[in-house]
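Structure at a glance
Here is how the chains run, residue by residue.
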Amino acid sequence: MTGETFPCRTCGNPAVQPATGRPRRYCSPACKRRTEQNIRAARRRLRRAERAVSAWHAAVTGQDPLAGLIGTPEDDVRQWQDACARRDQAHADLAALLRGNVAHASPV
Ligand SMILES: [Zn+2]
């Protein structure tokens, strides 16, 4: 619809939909690029968080004999739980970015 405005997914500023073509989600190429970069960064954080969960899980279950030698088993469990929480947060952040529910994407 010509003249219809929408909030930019990145900066939240109102922008006008063009009369033809696919509906736009960003006010400018710069905003589109910024959100794409934020999504890539969120994916990297999620991958790192998943690796941490795997490493601490290996320590907790004794699959990795070199892991968790410094702390107590309780420390390992706590680290594993912390890693799980960070993984869940990273997953939620990425999902929010992909849904476009982030008006002001947080800096990396
Ligand atoms: Zn924008």
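Before reading further, recall that the structure is shown in the block above.
Structural notes, computed from the coordinates. Residue numbers here run from 1 along each chain, matching the order of that chain's written sequence. In keeping with the model being predicted, local features are shown solely for residues with a pLDDT of at least 70 and side-chain atom pairs are shown and tallied solely at 80 or more, while totals for entire chains, interfaces and linings include all residues.

**Brief notes about helix α2 (residues 73-99)**
The test is simple: Every helix listed is a DSSP run of H or I at least four residues long, and every strand listed is a run of E at least two residues long, numbered separately from the N terminus. One less than the number of residues in a helix, times 1.5 Å, gives the span that helix is expected to have. Here the contact rule is simple: place C-beta atoms from the backbone, and any two residues whose C-beta atoms are within 7 Å are in contact.
In this model α2 runs 39 Å from its N-terminal to its C-terminal C-alpha over 27 residues, within 8% of the 39 Å that 1.5 Å per residue would give. On its buried side, α2 packs onto α1 (29-61). Of the residues trailing α2, G100 is marked for its positive phi of about 80°.

**Side note on the environment of R47**
Mapping R47 onto the fold places it in helix α1. Along the primary structure R47 and H91 are separated by 44 residues, whereas in three dimensions their C-alpha atoms are 9.5 Å apart.

**Regarding the packing of α1 against α2**
To keep things clear, this is the line we draw: Axis definition: a line fit to C-alpha positions, over the contact stretch in the case of helices; interaxial angles, taken between N-to-C directions, run 0 to 180 degrees. Working rule for angles: under 35 degrees goes down as roughly parallel, over 145 as roughly antiparallel, 65 to 115 as roughly perpendicular, anything else as oblique. Left-handed describes a crossing in which the near helix is turned anticlockwise from the far one by less than a right angle; the clockwise case is right-handed. Nonpolar residues are Ala, Val, Leu, Ile, Met, Phe, Trp, Tyr, Cys and Pro. Charged residues are Asp, Glu, Lys and Arg, and all others, Gly as well, are polar.
Closest axis-to-axis distance for the α1/α2 pair is 8 Å, and the angle between their directions is 160°. The pairing of α1 with α2 is recorded here as roughly antiparallel in orientation. Between α1 and α2 lies a crossing of left-handed hand. Of the residues assigned to the contact of α1 with α2, the class counts are 17 nonpolar, four polar and seven charged.

**Thoughts on α1**
Defined as follows: Note on burial: count the other C-beta atoms lying within 10 Å of the residue's C-beta; 20 or more is buried, 12 or fewer is exposed, in between is partly exposed, and C-beta positions come from the backbone.
Helix length check: α1, at 33 residues, gives a terminal C-alpha distance of 48 Å against a target of 48 Å (1.5 Å per residue), a fit within 8%. Buried within α1 we find T35, A42, L46, V53, W56 and A59.

No statement about biological role is implied by the geometric values presented.
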